[in-house]
Amino acid sequence: MILFKKMLRDIKHAKAQFLTIIIIAACGVFTFVGSITVGSRLEESVHQFYKSADINDVWVNVEGATPKDVDAIRKLPGIEAAQGRTVMKVFSDNRVLDLFVLNENVLSKPYLATGEPFESEKEGLWLDQEFAKANGFRIGDTIRIHTGNGQSVPVIIQGLVLSPEKLIDVSSETLSTRHDLYGYAYMGETAAHHTFSFSGMNQLLIKMKSEKNIQTQLTSVEQVLGQKYMNSLTHEEHTSTSGAANQIGQFKTIGYVTPMLFFLLAILVVISTMSRLITNQRVQIGTLMSLGIHIRKIKWHYLSYGLFLGITGGVIGLIAGYYVIPAIFMGTLHQSFILPKWSDSFPIETLWSIAAVCGCCILAVLFACGGKLNALPAVVLKGEAPSRPKKSLFESIFHSKAKFSFQRLWLLRNLRSRKVRGAMGIFGSFGCAFLILFGFANIDTSNKSIEVEFDRQYLYQYKADLLALNAEQAQSMNWNQAGIQPIQERRVVVKSTTAQRNLPVTIIGSGDYINLDVASPDVMPVPETGVVLSQKMADVLGVKAGSTVSLRIDGGQWKEMIVAQTIQAPVADRIFVSEAAWQQHGEIFVPNVLLLGDQAALQFAKEHYPVTQIVAKADMKEANRTLNEGVLASAAGLTIAAIFLGIAVIYSLGLINLTEMSRQFATLKVLGFNHHEIRNLLFQESFFLTTIGIILALPAGWGAIHLLDQANMNEGLMLFPEIKLTSYLTAIGLTLLCSFIVNMLMSRKVKDIDMVTSLKGAD
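Below: a short report on this structure. Within any chain, residue numbers begin from 1 and follow the written order of that chain's sequence. Only residues with pLDDT of at least 70 get local features here, since the model is predicted, and only at 80 or more are side-chain atom pairs given and counted; chain-wide, interface and lining totals rely on the full set of residues. Water and hydrogen atoms play no part in the side-chain values, which are based on all heavy atoms of the structure.

### Some details on the overall build of the chain
The numbering of helices and of strands both runs from the N terminus, where a helix is a DSSP run of H or I of at least 4 residues and a strand a run of E of at least 2. Within the chain one finds 25 helices and 19 strands. Summary of the burial criterion: residues with accessible area below 20% of their type's maximum are buried, those above 50% are exposed, and those between are partly exposed, where the area comes from a 1.4 Å probe applied to protein chains only. When burial is assessed residue by residue, the chain has 51% of its 763 residues classed as buried. Relative to all contacts within the chain whose residues are 6 or more apart in sequence, the contacts with residues 24 or more apart total 82%. Each accessible area value is a Shrake-Rupley result obtained with a 1.4 Å probe; residue values ignore everything except the protein chains displayed when judging cover. Summed over all atoms, the accessible surface of the chain reaches about 34,700 Å², with 58% contributed by carbon and sulfur. A contact between two residues is defined here by any heavy atoms of the two lying within 4.5 Å.

See the structure below:
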């Protein structure tokens, strides 16, 4: 109990230093708990939705499949369940709906938000809840839809639903969610036959008994389907499921990496603080040893400081991280991911962060104790004489070539004799500048990717979808019009010797609205032969320019094509082929999209082509910018954490410096130094350490944002790392401002130095 009371008195006496340790430990736990909590909530919410909807493992696109084909697939070994359906694109004014026509509801079942439960025999349709909200539709309303033939059919809305396949309902036009323009709906097969004309199923949903050897099982499925097989998608290739998995992985990566900076800094501060505390209490320690208290008990007494600091900081960080970070990010996730229910569970694994920070603090105390407690009581009671500063290596080299001022000699020798404190100052300012710079670098990189896509690669003003045409209709139309560029968007299977992917392909007709060389202001035409891949997809496939890849179109024969070029493209999983190269391999160019340059071209397209939907590029760009809300929130969080970190560390450093150097400062006062001169010594040392930390942080921030690009696991996204000059200046300015404010506060304490007490000590 006596030692416990002593610990409380020590903490109260040096409350500023111990409070700094608690803040740093809390920040580390705060970032870990917050990131893991957000990632775990998203993961659990997604998993619960998948489980309740019984989501499938593979989407197989087919042509004219029958119920017999589905039954044959169900009988294959390794297949747990299979379901066939028809997927259609229908329109309502300038809006597009993916219509799922079902004859049964076994896999990827729609979640009923409100209204009548889905039944394949009922009339009407079940509409996407978010699409309905954005357009003001309610249950019982009539929505007019058509397939592009100009005749719309009224259909009653029976219910509002959410689809497990549309967690991220990303349109091909905007790469972001636009619920006002894009949605989906479910309809029973009987009702659909009364409304539309279609033959056979064009998509199969398959659930495997085991996720192992999916490609082997797909080979068996293809053999059963024969010529009806076109291509397939797995969870890793599907936009919605892969997007959710990547987001979960990013949060968990941040959670396990970011706290390391705070934990390392906590170790340095604990070592510095406890070393000074133990040194100053040598007489007390010797007295306790003389009274018969065992050395192990004294060691445990000082270890309890680290345990107390770790538990206190860990609990504060745990509570703050659990409530604050989810409050910041969950709103953005609710916009990005459409889920019926969101988990608010507490991930048990976050408790390990408290154990980790306690371990760091205890290890730091052990290091601070070193051999100081192993001496005999008489030796400990004698005290430790202050070390005599020696010449630094810098002084030894340049003593004859440069004249050192008193301030410079003071700085060099002070830092040399107290290396841990100097390292703490450098590391603290480094962490402050690095976190701020990294946060703003993420914003710059995200904005750069949007700029590259919409200002450098895509040069059109409007994008118009066309009614599905057959080959004869496409060849009869005149596509060579001023301000109009036809393209065809579809999917193909691309295979190399090392990998295989199902990728979207853009077949480019005559025109100059797609620039494949984003580094050049001049439009780079698509090569007349071969395919163009992004550099990232080329790395995934293990190919380069001049290599050969195999393409499979609609389940046909494999066709070998040369990789004509690799490019830097923000949408990394899209490949480009010229109309000429497409036709060289026996394929017919059937445009389904028009890129329009101006209003005149837009008007002409409306009058002469079967246009179904038109979207302005400016709207697409703005929709993409809304995705930056999460990036802005993370940058703001990093900046706030960095400011807290910088202020805490620099303030603690100043207090430690003032305490450790009180004898020297008192001596300077006796020698005639005034308050302003002593304050300048403090300012000079703090500014020197802060400057070194900033200098180290600037290249580290640049390297971190490039490392993030290389570590990005999303195959469909290529980052364009960039840090603007304003971001550098902001990081430097805020770090220096923190240092200046803290030093202004610390300078007032120089006047309060007790000269008589400070000058007492061992000689």
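There is more to say, and it comes next.
### Details of the packing of aromatic side chains
Centres within 6.5 Å make a pair out of two Phe, Tyr or Trp rings, where for Trp the six-membered ring is used; the pair is then stacked when the planes are under 30 degrees apart, edge-to-face when over 60, and tilted otherwise. Under the defined criterion, the tally for this structure stands at 16 aromatic pairs. Between the aromatic rings of F118 and Y186, the centroid separation amounts to 6.4 Å while the plane-to-plane angle is 65°, which identifies the pairing as edge-to-face. One end of the pair, F118, is in the loop between strand 4 (111–115) and strand 5 (125–128); the other, Y186, is in strand 8 (residues 182–188), and 68 residues separate them in sequence. Like F118, the residue Y186 is buried in the burial classification.

### Digging into the side chain of Q129
Along the chain, Q129 falls in helix 4 (residues 129–135). By relative accessible area, which is 15% here, Q129 ends up buried.

### Brief notes about the packing of helix 2 (residues 15–53) against helix 7 (residues 239–257)
The contact between helix 2 and helix 7 brings their axes to 7 Å, and the two run at 155°. The pairing of helix 2 with helix 7 is recorded here as roughly antiparallel in orientation. Between helix 2 and helix 7 lies a crossing whose hand is left-handed. Judged by residue contacts, T31, F32, S35, I36, V38, G39, S40, L42, E43, V46 and Y50 of helix 2 engage T241, A244, Q247, I248, F251, K252, I254, G255 and Y256 from helix 7. Each residue is assigned to one of three groups, with Ala, Val, Leu, Ile, Met, Phe, Trp, Tyr, Cys and Pro labelled nonpolar, Asp, Glu, Lys and Arg labelled charged, and all others, Gly among them, labelled polar. Looking at side-chain class alone, the contact of helix 2 with helix 7 contains 11 nonpolar, seven polar and two charged residues. Lines fitted to C-alpha atoms define the axes, with helix axes restricted to the stretch in contact, and inter-axis angles between N-to-C directions lie between 0 and 180 degrees. Note on terminology: angles under 35 degrees are roughly parallel, angles over 145 are roughly antiparallel, angles of 65 to 115 are roughly perpendicular, and the others are oblique. Crossing handedness is read from the near helix: turned anticlockwise from the far helix by less than a right angle, it gives a left-handed crossing, and turned clockwise, a right-handed one.

### Some points on helix 8 (residues 259–280)
With 22 residues, helix 8 ought to run about 32 Å at 1.5 Å a step, and its terminal C-alpha atoms sit 32 Å apart, in line with that. Here helix 8 lies mainly inside the structure; 17 of its 22 residues are buried. Under the convention used throughout, the expected extent of a helix is 1.5 Å for every residue step, that is, one less than its residue count.

### A short note on the environment of F91
With respect to the helices and strands, F91 occurs in strand 2 (residues 79–92). Sequence separation of F91 and H146 is 55 residues, and the distance between their C-alpha atoms is 5.3 Å.

### Quick notes on the nonpolar core
Soluble globular proteins: nonpolar side chains tend toward being buried together. Residues F18, I24, M274, Y302 and L435 are the most contacted members of the largest nonpolar core, which totals 54 residues. For this core, the element with the most residues is helix 8, which contributes 11 residues. Those residues in contact with M274, other than ones at most four positions away along the chain, are F18, Y302, Y305, V365 and A368. Nine residue types can take part in a nonpolar core, namely buried Ala, Val, Leu, Ile, Met, Phe, Trp, Tyr and Cys, and a core is a set of them joined through side-chain atoms within 4.5 Å. Ranked by size, the runner-up nonpolar core spans 27 residues in total, among them Y50, A53, F100 and L339.

### Quick word on the environment of L204
Structurally, the position occupied by L204 is in strand 9 (residues 201–208). According to the relative accessible area criterion, L204 is buried, its value standing at 2%. In contact with L204, not counting residues within four places along its chain, are V58, W59, V60, V62, A65, V70, I73, Q83, G84 and L225.

### Remarks on the pattern of salt bridges
Any Lys or Arg side-chain nitrogen located within 4 Å of an Asp or Glu carboxyl oxygen qualifies as a salt bridge. Taken as a whole and assessed by the stated rule, the structure comprises 16 salt bridges. The closest approach of N and O atoms between K6 and D10, which form a salt bridge, is 2.9 Å. In this pair, K6 and D10 both sit in helix 1 (residues 2–13), four residues apart, roughly one turn of the helix. The burial state of K6 is the same as that of D10; both residues are buried.

### Comments concerning the pairing of strand 2
Buried residues dominate strand 2, accounting for 11 of its 14 residues. Strand direction decides the pairing type here: strand 2 and strand 9, joined by six bridges, are antiparallel. Counted as the bridge partner of I79 is M208 from strand 9. Sheet analysis places strand 2 next to strand 3 (residues 95–102), joined by eight bridges and oriented antiparallel. Along strand 3, the bridge assignment pairs M88 with L99. Pairing between strands requires that DSSP locate at least two bridges from one strand to the other.

### Focus on the pairing of strand 14 (residues 531–534)
A two-sided burial pattern is seen for strand 14, the buried positions comprising V531 and L533 on one face and V532 and S534 on the other. Pairing of strand 14 with strand 16 (residues 558–567), which is carried by four bridges, proceeds in the parallel orientation. Bridge pairing in strand 16 links V532 to Q565. In terms of strand pairing, strand 14 meets strand 17 (residues 575–578) through two bridges, oriented antiparallel. Bridge pairing links V531 to V577 in strand 17.

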